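# Structural features, examined
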Amino acid sequence: MDRIIRTITSDGSLMASAIDSTELVYTAQQLHGLSKTACAALGRLLTGASLMGAMLKKDNATLTLKVNGGGPLGTLAALSDSRGNVRGYVDNPQVELPIRQDGKIDVGGGVGHEGRLAVIRDLGEGDPYIGQTALVSGEIAEDITQYYAISEQVPTVCALGVLVDREKGGALLSGGLLIQVLPGAEEAAVKQLEANIAKLDSVTTMLAKGLSLEEMCQKALDGFAMEVLDEFQIHYVCNCSKERFAKGLLTLGPQEIRSLPLDNQGRVETVCQYCSRKYYFTKEELESLAEQAASSLKKEK
């Protein structure tokens, strides 16, 4: 079962979060029909969003990561709640790129390098906070690290990994680490962390070796006494519904609703970009929505 843990050193100088996102990335691949390249890219973004979302302090808060670097994958987005539950999409899920010379999936080539990473925090208390930074590499983890350094001035190390079967293309292992230097940390603590990071295995290597999330955090925080702050299970969760799509259709206006093309069964098909679930509206339902939209326009006048 996928989960996140959050830890802190006993002296309060460093915090480390670890996640096993294997099942939720596999779920995303099945829902969206992701290629190896798209799976590695969206899987990293989902994992990063889950880690960051779990740091939100309000129960109804959400965090969205959105990136478009000009690459063939197009826009990628991931939305997390404050418990780390996440959903996401990629514009072009079947794009496949050749394996790089070092044997790794070319996530940076798929995402591109010329765009921006947007981080949107909505605490449910008015306008959301939106931060943006230029992409470093399109590899996702480096871009999240850069975001924290520039937009929030928090020294951060982010490591994300998705292991995909080279032959069959299925997602095998996924996870991540997010380590931050907290205010008041002494220089010696920072140097110790840098030494630890330099000898740390990749996230997927640690997972493949059978390390627990606690052991992954302890390796990152080697030399420090560590305390677990909290932990919880995470899932790929979509909150779409026919009612939500109906509200979206109402924003089109009565004429636009009536002019929507029908399929051969006399319905309009809508598809959720986060989970690919389909909802259908009959001609009669569309007419009812058009009348509601017209009534709302009269009230506004």
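Throughout what follows, the structure given in this document is the object of discussion. Position numbers for residues start from 1 in each chain and track the written sequence from start to end. Note on the predicted model: pLDDT of at least 70 is required for a residue's local features to be given, and 80 or more for side-chain atom pairs to be given and counted; whole-chain, interface and lining totals, by contrast, use all residues. Where side-chain values are given, they derive from all heavy atoms of the structure, hydrogens and water being excluded.

Attention now moves to the sheet that holds strand β2 (residues 14-20). Between any two strands, pairing holds if DSSP finds at least two bridges. What counts as a helix is a DSSP run of H or I of at least four residues, what counts as a strand is a run of E of at least two, and both are numbered from the N terminus. Reading across the sheet, the five strands line up as β8-β9-β2-β1-β10 and stay open at both edges, with antiparallel pairing between neighbours. Across the chains shown, the open sheet's two edge strands, defined by having one partner strand only, are β8 (156-164) and β10 (226-233). Sheet twist, expressed as the average angle between the axes of neighbouring strands with direction ignored, equals 10°. Across nine bridges, β8 lies against strand β9 (residues 171-181) in antiparallel orientation. Within the sheet, the bridge partner assigned to C158 lies in β9 and is L178. Running over the sheet, helix α2 (residues 36-53) touches β1 (3-9), β2, β8 and β9 and is turned about 140° from β8. Contacts between residues were defined by any pair of non-hydrogen atoms, one from each residue, lying within 4.5 Å. To get an axis, a line is fitted to the C-alpha atoms, and for a helix only the part in contact is used. The angle between two axes follows their N-to-C directions and goes from 0 to 180 degrees. Contacting β1, β2, β9 and β10, helix α7 (residues 213-220) runs over the sheet at an angle of about 35° to β1.

Between rings of Phe, Tyr and Trp, where Trp is taken as its six-membered ring, a pair exists when centres lie within 6.5 Å; planes separated by under 30 degrees are stacked, by over 60 edge-to-face, and by other angles tilted. Following the criterion strictly, the structure yields three aromatic pairs and no others. Relative to Y148, the ring of Y147 lies with its centre 5.5 Å away and its plane at 65°, an arrangement referred to as edge-to-face. This pair shows no difference in class: Y147 is buried, exactly as Y148 is. The positively charged end of R83 is found above the aromatic ring belonging to F232, 4.4 Å away from the centroid. Think of it in three bands: with a 1.4 Å probe and only protein chains considered, a residue is buried below 20% of the maximum accessible area for its type, exposed above 50%, and partly exposed in between. Lysine and arginine charges are scored as sitting over a ring when NZ or CZ, respectively, is within 6 Å of the ring centre and within 35 degrees of the ring normal.

What follows concerns the side chain of Q180. Structurally, Q180 is set in strand β9. Think of a polar contact as two N or O atoms within 3.5 Å of one another; within protein, one of them needs to be a possible hydrogen donor and the other a possible acceptor, and neighboring residues in sequence only count if both atoms come from side chains. Separated by 3.2 Å, the side chains of Q180 and T156 make a polar contact. Discounting residues that sit within four places of it in the chain, Q180 has contacts with S13, L14, M15, M55, Y148, V154, P155 and T156.

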